[in-house]
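Okay, here's what each chain looks like letter by letter:
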Number of protein chains: 2
Amino acid sequence: MPLSLRADKIPRASIQRLAVYLQRLERMLLEGAELVSSEMLAGDCEINAAQIRKDLTYFGEFGVRGVGYNVQRLISCIKMALGIDRPWNCVLLGVGNMGSALLNHREFRRGQYSIIAVFDSDPLKIGQSISGLKVRDCKSLPEYIVGQDVQIGIIATPPDKAQIMADYLVEVGIRGLLNFASAHVFAPDEVFVENVDFCNHLYALSFKISQQDD
Amino acid sequence: MPLSLRADKIPRASIQRLAVYLQRLERMLLEGAELVSSEMLAGDCEINAAQIRKDLTYFGEFGVRGVGYNVQRLISCIKMALGIDRPWNCVLLGVGNMGSALLNHREFRRGQYSIIAVFDSDPLKIGQSISGLKVRDCKSLPEYIVGQDVQIGIIATPPDKAQIMADYLVEVGIRGLLNFASAHVFAPDEVFVENVDFCNHLYALSFKISQQDD
């Protein structure tokens, strides 16, 4: 299988593009498409066809020239390459507005990534039920985690609590942190951190609009 | 002024790092710091000092060797380079969980980026007050926008409404779109789009954890 030979060399930028292709391909599949050319995918993704073909060579050469890629097979390959061909269990820390938004987000309702437990330190929230999950006391995280196959911790706390929660998740053995708090968090090298920081996006917009004005 | 000579050449990756430096510097300023070396900033940002010095050369050479950078002046330079040395007015479309979270987000409470009006198409929400702002009917966007200096439209609708809202914002003359919906949106070349898509972050985590397992 050529996939396993090459997947470890996929650069970060390609992973981001693969994620875009995946979203598009899944929509195409729903719409009944069986075959897709790199040009069709390009038109839909605003990434050029040559780049797409290059990204897809990480999986070996299974596109047929003049015919294209089998949509279902391409989806499977991308999912396998990204490691999302299996379910991932997540815990959510912080059920304010952002945490509640995430609980209802489509990405956590499709089954690939499941939020299996939610935690908060606010006594008024602990014990309440949000989107069908009981809010647990943050202090109960270590005992909860034992025997659960949880890989990802989602941080949606106020910024001043984010690093404390990150340290806590690392301590109980969580290997990936997805941080939505408006403060970057850090972790030891063996734990992976993704900071979702939309300030960068705002700054990028301001920058580009300002440049256009000059 | 060396800044204006060079700012147009700042690559996207540097802009993202500048945004990180800015957050760190503002915290340092609050903590009373007057001078910062690239090494100090590096330790705090997990970006190496050489990269930081390189990024800061876009503003000309104003760091003093062996002394460092004046924190306040560095903040001003980065803000000017990013175009955030002036206020930016935003409108928010969609006040579900995500929209409500954004209204309370620190970034929109600091005054640099202000959400000045919120819109929804749900009759049950229109007319209600959320975080001190009256929810307006989406249909009233064109008449609202006239005479208001709005540069950025924030989309926080369900995914199936996102592109419709993007088209609508473009039509009324908004120049930058920040999209939080779980579907990418597209706009003409002269309008800038930033899709905040945390699926990519999830995929990146899965990918890295899977690689570590192999």
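For the structure itself, consult the block above.
Residues numbered from 1 in each chain as written. Chains lettered and ligands numbered in written order. Predicted model: local features only at pLDDT ≥ 70, side-chain atom pairs only at ≥ 80, totals over all residues. Heavy atoms only, no water.

Colleague: Which parts of the structure should I look at to understand the relation of the copies chain B and chain A?
Modeller: The transform that puts chain B on chain A rotates by 180° and translates by 0.0 Å along the axis, for an RMSD of 0.0 Å. The operation mapping one copy onto its partner corresponds to a two-fold rotation axis. Both copies share a contact surface, since 100% of the interface residues of chain B are interface residues in chain A too. (Least-squares fit on C-alpha atoms with pLDDT ≥ 70 in both. Contact = heavy atoms within 4.5 Å.)

Colleague: Sorry if this is basic, but what is going on with the interface of chain B and chain A here?
Modeller: The figure often quoted for interface size is the accessible area lost as the parts come together. Facing the 66 residues of chain B at the interface are 66 residues of chain A. A combined buried area of about 6,200 Å² lies between chain B and chain A, and 64% of that area is made up of carbon and sulfur atoms. Taken together, the connections running from chain B to chain A amount to 2 salt bridges. A salt bridge links B:Glu194 to A:Lys208, with the shortest nitrogen-to-oxygen separation between them at 3.0 Å. The interface formed by chain B and chain A includes 14 residue pairs in polar contact (both at pLDDT 80 or more). Looking at the side of chain B that touches chain A, the elements with two or more residues in it are α2 (12-30), α3 (38-45), α5 (71-82), α6 (97-103), β8 (176-179), β9 (192-195) and α9 (198-213) of chain B. The element best represented in the side of chain B that touches chain A is α9(B), accounting for 16 residues. (Buried area = accessible area lost by both parts, 1.4 Å probe. Salt bridge = Lys/Arg side-chain N within 4 Å of Asp/Glu carboxyl O. Polar contact = N/O pair within 3.5 Å; in protein donor to acceptor, adjacent residues only side chain to side chain. Helix = DSSP H or I, 4+ residues; strand = E, 2+ residues; numbered from the N terminus.)

Colleague: Is there a simple way to think about the sheet that holds β9(B) in this case?
Modeller: Within a sheet, adjacent strands bond to each other through the backbone by hydrogen bonds, running parallel or antiparallel. Residue and element names in this part refer to chain B. Ordered in space as β5-β6-β4-β3-β7-β8-β9, the 7 strands form an open sheet in which the pairing is mixed. Two strands bound the open sheet, and with one partner strand each, they are β5 (129-130) and β9. Sheet topology places β5 next to strand β6 (residues 133-137); 2 bridges connect them, and they run antiparallel. Pairing of Ile130 across the sheet is with Leu133, part of β6. (Pairing = 2+ DSSP bridges.)

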